[in-house]
Amino acid sequence: MASMSESTSQWRPDWAVPPGEVLHEILQSRGMSQAELARRMARPLKTINEIVKGKAAITADTAVQLELALGIDMRIWTNLDARFREHEAITRSSHSMKENVDWLKKFPVDELAQEGLVEADGRPERTLESLLRFFGVSSPAGWESQWMAGSVAFRASDTFTASPEATSAWLRWGELEAQKIDLEPYDKAGFKRTLEKVRTLTRKQPLALMMQRTKKLCAAEGVAFVVCPTFKGVRASGASYWVGTNSPVLQLSLRYKSEEQLWFSFFHEAGHIVEGHKKGFIDGEISQTDDEDEMERQANRFARDLLLPPRELASFIEAGDLSAAAVQAFAKTLGVSPGIVVGRLQHDGHLDYNQLAQFRRPIHLA
């Protein structure tokens with residue numbers, strides 16, 4: 001049950017008295033014409049008439065003059081006017097909400113509501129208002145300006161444009177989760193050292209706990225790491241972007257079949273951050289194959305080489321023993337999970353995709 005303070009702060013009357021009507025009634029009761037009031041206040045008759053008709057606001061200066069001319073406290077006039085202007089603004093906003101309810105259909109509102117991100121109680125206007133609050137915009141036009149025509153660099157990505165509404169909701173969720181993290185100032189060198197520590201977490205279980213440890217390690221170096229499940233229509237596996245000038249965010253989805261895919265995506269997005277790619281990236285099915293885009297190639301190489309240093313990997317392959325025991329021993333030496341080694345060997349064609357599949361652990365992450 002809401003407290004008294006909560007109830008009263010949220011209550012909004014659906015009516016307001018126009019201050020001009022109050023002024024008109026006072027003048028009538030006193031037998032005073034608008035022209036006489038204008039003379040007493042040394043103001044044009046047109047101004048008084050516009051106030052009476054509600055076309056002009058009662059400013060603080062006008063309220064002082066009304067108090068002196070009529071003996072009615074200026075705060076009454078300013079409060080009446082403020083309440084009336086607020087009511088008009090709310091009314092206009094309500095009409096705008098009704099006109100734009102069809103816009104809701106473009107977004108995964110039910111999924112957002114299930115995650116507690118928006119309120120969907122069956123009243124479209126209220127749901128629309130809740131969605132706008134979620135995005136931090138004042139109107140559908142504001143969303144369009146921010147996500148489709150503004151400075152959001154990844155808007156041109158095929159992954160984004162497949163369903164910009166759903167993808168923008170996923171990205172916004174990550175942004176809001178990132179704001180909850182207490183971050184130290186970003187330290188590139190420190191983050192690179194942290195990634196070596198995270199590497200060792202790929203061997204450990206449970207995955208959910210390793211994700212939490214990774215989050216803390218990243219936060220200590222100024223990087224916000226968040227994991228947000230995707231919505232229908234979102235093809236993103238991961239994203240990296242910067243909030244402000246020096247606050248990187250590394251966001252992962254759960255669109256993976258195995259842990260090594262999730263970890264490779266993590267290090268791929270980390271590569272964008274370490275390499276200083278600040279334009280913002282949203283990646284679909286991340287592959288270890290070099291992309292046509294140079295910055296994607298850099299991120300791929302960064303992830304591949306950090307997880308499995310090229311020289312050590314080449315020596316292991318040249319030795320010719322790709323048995324389960326050899327893979328386990330090699331992974332232990334490098335401090336990574338056997339699944340990461342198997343995934344790389346399968347990708348590079350040294351193993352069939354059904355070989356050593358037992359090392360590719362499925363994801364169990366609440």
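Conventions adopted
Residues numbered from 1 in each chain as written. Predicted model: local features only at pLDDT ≥ 70, side-chain atom pairs only at ≥ 80, totals over all residues. Heavy atoms only, no water. Helix = DSSP H or I, 4+ residues; strand = E, 2+ residues; numbered from the N terminus. Rg over C-alpha atoms; globule rule 2.2 N^0.38 Å. Areas by Shrake-Rupley, 256 points an atom, 1.4 Å probe, with all protein chains shown as cover. Lys, Arg positive; Asp, Glu negative; His and termini not counted. Charge placed at Lys NZ, Arg CZ, Asp CG, Glu CD. Buried < 20%, exposed > 50% of the residue type's maximum accessible area, 1.4 Å probe, protein only. Phe/Tyr/Trp six-rings, centres within 6.5 Å; stacked < 30°, edge-to-face > 60°. Disulfide = S-S within 2.5 Å. Salt bridge = Lys/Arg side-chain N within 4 Å of Asp/Glu carboxyl O.

Peer 1: Please explain the overall build of the chain as it appears in this structure.
Peer 2: A tally of helices and strands in the chain yields 18 helices and four strands. For a compact globule of 366 residues, the expected C-alpha radius of gyration is about 21 Å, and the chain comes in at 30 Å, more than 25% above that figure. Here the C-alpha coordinates of the chain stretch approximately 110 × 40 × 40 Å along the principal axes. For the chain, the accessible surface area stands at approximately 19,300 Å², while carbon and sulfur atoms represent 49% of it. Taking the 45 positively charged and 49 negatively charged side chains of the chain as two groups, their mean positions are separated by 3 Å.

Peer 1: Is there a simple way to explain unusual backbone geometry in this structure?
Peer 2: Working note: non-glycine residues mostly have negative phi, and peptide bonds are mostly trans. Residues Gln 205 and Pro 206 are joined by a peptide bond in cis, for which omega reads 0°. Take Pro 206: it is sitting in the loop between α12 (188–201) and α13 (207–219). Its identity is not glycine, yet Ala 42 carries a phi of approximately 55°, on the positive side. Relative to the helices and strands, Ala 42 is located in the loop between α3 (34–41) and α4 (45–52). Residue class for Ala 42 comes out exposed when judged on its relative accessible area of 68%. If you check the backbone angles, Leu 356 has positive phi at about 55° while not being a glycine. Take Leu 356: it is sitting in the segment after α18 (338–347).

Peer 1: Explain the packing of aromatic side chains to me, please; I cannot follow it from the model alone.
Peer 2: Aromatic ring pairs: the centre-centre distance and the angle between the two ring planes describe each pair. The final tally for this structure, using the stated rule, is 15 aromatic pairs. Summarising the aromatic geometry, the rings of Phe 107 and Trp 143 are spaced 5.5 Å apart at their centres and angled 85° between planes, so their arrangement reads as edge-to-face. Of this pair, Phe 107 sits in the loop between α6 (74–99) and α7 (109–114) while Trp 143 sits in helix α9 (residues 140–148), placing them 36 residues apart in sequence. Taken as a pair, Phe 107 and Trp 143 share a single burial class, namely buried. Summarising the aromatic geometry, the rings of Phe 135 and Trp 143 are spaced 6.5 Å apart at their centres and angled 70° between planes, so their arrangement reads as edge-to-face. For Phe 135, a relative accessible area of 4% gives the class buried. Note on Trp 143: relative accessible area 1%, which makes it buried. Chaining the aromatic ring pairs together yields one cluster made of Trp 103, Phe 107, Phe 134, Phe 135, Trp 143 and Trp 147.

Peer 1: Even after reading the chapter, I still don't get the state of the cysteines, so can you show me in this structure?
Peer 2: One way to say it: the disulfide is the covalent bond shared by the sulfur atoms of two cysteines. Using the criterion set out here, one finds zero disulfides in the structure. The thiol of Cys 218 is not disulfide-bonded; the next cysteine sulfur, from Cys 228, is found 14 Å away. Using a relative accessible area of 0% as the deciding quantity, one classes Cys 218 as buried.

Peer 1: Can you walk me through the pattern of salt bridges in this structure?
Peer 2: Where charged atoms from two side chains of opposite charge come close, those side chains can pair. Taken as a whole, this structure holds 14 salt bridges when the rule is applied. A salt bridge links Glu 88 to Arg 85; its shortest N-O distance comes to 3.5 Å. A residue pair is termed a helical-turn pair when its members lie 3 or 4 positions apart in one helix, as Glu 88 and Arg 85 do in helix α6 at three residues. Taking relative accessible area as the criterion, Arg 85 reaches 24% and is therefore assigned partly exposed. In the salt-bridge network here, residues are joined through shared partners; they are Asp 81, Arg 85 and Glu 88.

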